[in-house]
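# Chain and residue survey
One-letter residues, chain by chain:
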Amino acid sequence: MPRAFLACVKAGGKVVTKRMGGGKYIHLCKDKQGHWHPGEVKVRKKVTK
């Protein structure tokens, strides 16, 4: 994870998840000053039934 994202989480920022389509998603952290810090793009695991 990027350092800015981890620092934001540690400082108590709000973490949200944004879907990107194609089974991908990214976590974003909004710090106290209102700046967004992106995490890494991840891929959802396939759900088998």
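Residues numbered from 1 in each chain as written. Predicted model: local features only at pLDDT ≥ 70, side-chain atom pairs only at ≥ 80, totals over all residues. Heavy atoms only, no water.

## Digging into the overall build of the protein
- Across its full length, the protein carries one helix and three strands.
- In the protein, the order of α-helices and β-strands from amino to carboxyl end is α-β-β-β.
- Expressed as a percentage of the 49 residues in the protein, the buried residues total 18%.
- For the protein, restricting intrachain contacts to residue pairs at least 6 apart in sequence, the fraction spanning at least 24 positions comes to 18%. (Helix = DSSP H or I, 4+ residues; strand = E, 2+ residues; numbered from the N terminus. Buried < 20%, exposed > 50% of the residue type's maximum accessible area, 1.4 Å probe, protein only. Contact = heavy atoms within 4.5 Å.)

## Points about the pairing of strand β1 (residues 14–21)
- Pairing geometry for β1 and strand β2 (residues 24–30), over seven bridges, is antiparallel. Note on β2: the bridge partner recorded for arginine 19 is tyrosine 25.
- Where β1 folds back on β2, the antiparallel hairpin that results is connected by two residues, among which glycine 22 adopts a positive phi of roughly 70°. (Pairing = 2+ DSSP bridges.)

## A look at the environment of arginine 44
- Within the element layout of this structure, arginine 44 appears in the segment after β3 (36–43).
- As a C-alpha pair, arginine 44 and arginine 3 span 41 residues in sequence and 23 Å in three-dimensional space.
- Once residues within four sequence positions are removed from consideration, arginine 44 is found in contact with Arg19, Gly23 and Tyr25.

## Thoughts on the state of the cysteines
- For the structure on display, the rule yields one disulfide.
- Between the sulfur atoms of cysteine 8 and its disulfide mate cysteine 29 the distance is 2.1 Å. Note on the cysteine 8 and cysteine 29 pair: the S-S dihedral is about -80°, so by sign convention the disulfide is left-handed. Taken as a pair, cysteine 8 in helix α1 (residues 3–10) and cysteine 29 in strand β2 lie far apart in primary sequence, 21 residues in all. (Disulfide = S-S within 2.5 Å.)

## Quick notes on the sheet that holds β1
- In spatial order, the strands read β1-β2-β3; together these three strands make up an open sheet with antiparallel pairing. Edge strands, defined here as strands with exactly one partner in the open sheet, are β1 and β3. Neighbour-to-neighbour, the strand axes of the sheet open up by a mean angle of 25°, direction not taken into account.
- Of the strands in this sheet, β1, β2 and β3 touch α1, which is tilted by about 55° from β2. (Axes fitted to C-alpha atoms, helices over the stretch in contact; angles between N-to-C directions.)

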